[in-house]
Amino acid sequence: MSAVPQTSAVPEHRLQLREVLEALVADKLIGTGQARDLLVRLEAAGTVPAHPLVTIAECKWPHPQAAGRLLTLEALVQWLAQRSGQPYLRVDPLSIDVTRVTSEIPYAYAARVRILPVKVTATEITIATCEPYLREWERELAPALKHKKIVRVLANPQDVERYLLEFYALARSVKASENERGQTGFSNVQNLEQLIDLGRAGSIDANNQHVVAIVDWLLQYAFDQRASDIHLEPRRDTGNIRFRIDGILHEVYQVPASVMIAVTSRIKILSRLDVAEKRRPQDGRIKTRSPSGKEIELRASSLPTAFGEKLVLRIFDPEVLVKDFSALGFSAKDERIWRDMIDRPHGIILVTGPTGSGKTTTLYSTLKQLATPAVNVCTIEDPIELVEPSFNQMQVNAGINLNFADGVRALLRQDPDIIMVGEIRDLETAEIAVQAALTGHLVLSTLHTNDASSAIVRLLELGVPHYLIKATLIGVVAQRLVRRLCKHCKRPVEIREERWREICGSLALPLPGQIFEAEGCLECRETGYLGRLGLYEMMPLDEPLQQLIHEHIDFNGLRSAALKQGLLPLRAAGLQKVAQGETTLEEVLALTPQS
């Protein structure tokens, strides 16, 4: 790269396309012909180009210094930051205190000079810009920033434009909602019972345009950040908004308590919940679209707490239904065993694991593949988590005494081929599931147990006779979800044989040449992980294992026999993923039981 010009030594000006192209040619990132062709094309079209980096990124030219990669907008911003001698920043909206940064600089001024405040401390304010050679705004702002030092960073111009609009619009909506509450004459009462009563009064209209804007922003923001859950948690003076991303909760925003009440009411209206009822838990659902136009379903759950209603929105991505088993984390052997189980004409298949371990995703993906025009797939769920047109779905309704067992009885009169029971919770549900399997139906369901062999013990504890388990149970799958290493920053490390043997215990797994650790980068928000994958313990119930099922079952004997038959425990499945560089030892050791 050519010598880096000091920003202060360059005359003050906005970036020009020709100037940037010449610099890219000088640094051997593009050729002279590419630069000339782009200028000629734009001149012929007579269009006004966007920010020069955006225009160049749209060409999708290959990156000569990174095989297989393109000169993306982010790569160009990093190059420009290095060339101009300024720090580069990838804007992470989750790490920004929106209320604080938007209170420092008026929107009209920030929009005019295209700057975005991203961090404020007692002594400094960090401001992102996409114009490295404009400095006048620093001189103008300095007197108004109460002696705070300005730290300028260079950021993606599209991020600056987008978050400039979003952050200030959100701050305005929250402020306007709070002001309207102040005009109602209510005050923040510091007694818990009065606080709950005050919430029931609904002092801000849930259909207020500012509240609508806040909720719209919240949902689109969650989709954009790959959140699986949105938590709205009321506190005494504020309301906390948190997103769960890759299994970890991140605090996103804090709003005044009065605004949180209105936001909660708005979401309850969208979810078709009883807005006036704040004493009992309620469940509902929302169907909406992501910014890209993809339909997304959300399940809403409300819970009364000391300071008001807590809401959790579970986001269901319909794309999980089109994922194949390998995309979920199945190994080739796992997929072979699983397909053998689900191809049986009748019997029971159980998927076990704690809440949030991906059981529903596994079942929905499986049913989607089984639901051909020649097959009648029926489900009974509590609640229906994702509406799928190729299934016939029914929801448990305690208000009319429709439970899982009653639902399965009704489904048996609907000429089903495959039945999915959301969860086996009691003996009645277990017995009717067994009866359905005995009468020629394939039944899939879930249980909450730590591993596959524990599911048989659980059925016996519920009161299912051992001979019926032997006659109907096809197999059990236990599963967990672990975070997937970020492919952009994972770092290889060596592992000592003694340490590997200590971790493996009785598991005879070969020592990998290297494993990977989480490093952290801009792509993964410095976590080192990006997405999640499943770990599976497959236990088909073949003849030798069936013989061990009786009233006084020996759990350890059953487990040992399953291991001899080739059962790969969850811990071993996780360690295989570690050896393949897909996750870390820390994730596997924390989330799988000791074998």
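Residues numbered from 1 in each chain as written. Predicted model: local features only at pLDDT ≥ 70, side-chain atom pairs only at ≥ 80, totals over all residues. Heavy atoms only, no water.

**Structural notes on the overall build of the protein**
Helices and strands together make up the secondary structure of the protein, namely 23 helices and 18 strands. Along the three orthogonal principal directions, the C-alpha set of the protein runs to about 85 × 65 × 50 Å. Taking all 595 residues of the protein together, 51% fall into the buried category. Total accessible area on the protein stands at roughly 27,800 Å², and carbon and sulfur atoms take up 50% of it. Within the protein, one finds 69 positive and 73 negative side-chain charges whose respective centroids are separated by 3 Å. (Helix = DSSP H or I, 4+ residues; strand = E, 2+ residues; numbered from the N terminus. Buried < 20%, exposed > 50% of the residue type's maximum accessible area, 1.4 Å probe, protein only. Areas by Shrake-Rupley, 256 points an atom, 1.4 Å probe, with all protein chains shown as cover. Lys, Arg positive; Asp, Glu negative; His and termini not counted. Charge placed at Lys NZ, Arg CZ, Asp CG, Glu CD.)

**Side note on the pattern of salt bridges**
On inspection of all chains with the given rule, the structure shows 35 salt bridges. Lys278 is paired through a salt bridge with Glu309; the nearest N and O atoms lie 3.6 Å apart. With Lys278 in the loop between α11 (257-270) and β7 (282-289) and Glu309 in strand β9 (residues 308-316), this residue pair connects regions lying 31 residues apart in the sequence. Residue classification places Lys278 among the buried positions, given a relative accessible area of 10%. Overall, the relative accessible area of 7% leaves Glu309 in the buried class. Glu517 is the partner of Arg491 in a salt bridge, and the nearest nitrogen-oxygen pair spans 2.9 Å. (Salt bridge = Lys/Arg side-chain N within 4 Å of Asp/Glu carboxyl O.)

**Examining unusual backbone geometry**
In this structure, Arg114 takes a positive phi of about 60 degrees despite not being glycine. For Arg114, the position within the fold is in the loop between α6 (107-113) and β1 (115-120). Judged by relative accessible area, Arg114 falls into the partly exposed class, the value being 21%.

**Digging into the side chain of Thr102**
Along the polypeptide, Thr102 turns up in helix α5 (residues 98-102). By relative accessible area, which is 11% here, Thr102 ends up buried.

**A closer look at the sheet that holds strand β14 (residues 442-447)**
Taken in spatial order, the seven strands make up an open sheet running β12-β11-β13-β14-β10-β15-β18, and their pairing is mixed. With partners counted over all chains shown, the strands left at the sheet margins are β12 (392-395) and β18 (529-540), one partner each. Taken over all neighbouring pairs, the strand axes of this sheet differ in orientation by 20 degrees on average, direction set aside. Note: strand β13 (residues 418-421) against β14, four bridges, orientation parallel. Paired with Val421 across the two strands is Ser445, which belongs to β14. (Pairing = 2+ DSSP bridges. Axes fitted to C-alpha atoms, helices over the stretch in contact; angles between N-to-C directions.)

**Here's the deal with the confidence of the model for the protein**
Across the protein, the average pLDDT comes to 87, with 92% of residues at 70 or higher. Within the protein, the element-level pLDDT minimum falls on helix α9 (residues 192-201), averaging 35, and the maximum on strand β10 (residues 347-352), averaging 97. (pLDDT = per-residue confidence, 0-100.)

**Considerations on the pairing of strand β3 (residues 149-154)**
In the sheet, strand β2 (residues 124-129) pairs with β3 via six bridges, with the strands oriented parallel. Note that in β3 the partner of Ala128 across the bridge is Val153. As a crossover connection, the stretch from β2 through helix α7 (residues 136-141) into β3 is right-handed. (Right-handed = clockwise from strand over helix to strand, strands pointing away.)

**Observations regarding helix α19 (residues 497-504)**
The complete set of buried residues in α19 reads Trp500, Ile503 and Cys504. Axial view of α19: buried residues confined to an arc of 95 degrees, hence all on one face. Of the exposed residues in α19, the ones pointing more than 90 degrees away from its buried face are Glu498 and Glu502. Buried residues in α19 make contact with α22 (570-579) and α23 (585-591). Where α19 terminates, the next one or two residues include Gly505, which has phi positive at roughly 60 degrees. (Arc of directions from axis to C-beta. Contact = heavy atoms within 4.5 Å.)

**Considering the environment of Arg425**
Looking at the element boundaries, Arg425 is found in the loop between β13 and α16 (427-438). C-alpha separation for the pair Arg425 and Leu462, spaced 37 residues apart in sequence, amounts to 8.5 Å. Among the polar contacts made by the side chain of Arg425, one reaches the side chain of Asp382 at a distance of 3.2 Å. Polar contacts involving the side chain of Arg425 include one to the side chain of Glu423, which spans 3.3 Å. (Polar contact = N/O pair within 3.5 Å; in protein donor to acceptor, adjacent residues only side chain to side chain.)

**Focus: the state of the cysteines**
Under the criterion given, the structure shown has zero disulfides. Unpaired in terms of disulfides, Cys59 finds its nearest cysteine sulfur in Cys130, a separation of 18 Å. (Disulfide = S-S within 2.5 Å.)

**Things to note about the packing of helix α1 (residues 17-26) against helix α2 (residues 32-45)**
Packed helices, taken two at a time, are described by the angle their axes make and the gap between the axes. At their nearest, the axes of α1 and α2 sit 9 Å apart, and the two run at 165 degrees to each other. Considering the angle they form, α1 stands roughly antiparallel to α2. Between α1 and α2 lies a crossing of right-handed hand. Contacts from Leu17, Arg18, Leu21 and Val25 of α1 reach α2 at Thr32, Ala35, Leu38, Leu39 and Leu42. (Parallel < 35°, antiparallel > 145°, perpendicular 65-115°, else oblique. Left-handed = near helix turned anticlockwise from the far one by under 90°.)

**A word on the sheet that holds β7**
Strand order in the open sheet made by the six strands is β6-β5-β4-β9-β8-β7, with antiparallel pairing throughout. On the outer flanks of this sheet lie β6 (248-256) and β7, each paired with one strand and no other. Between one strand axis and the next, the sheet turns through 20 degrees on average, direction left out of account. Bridge count for β7 against strand β8 (residues 295-305) is eight bridges, and the pairing is antiparallel.

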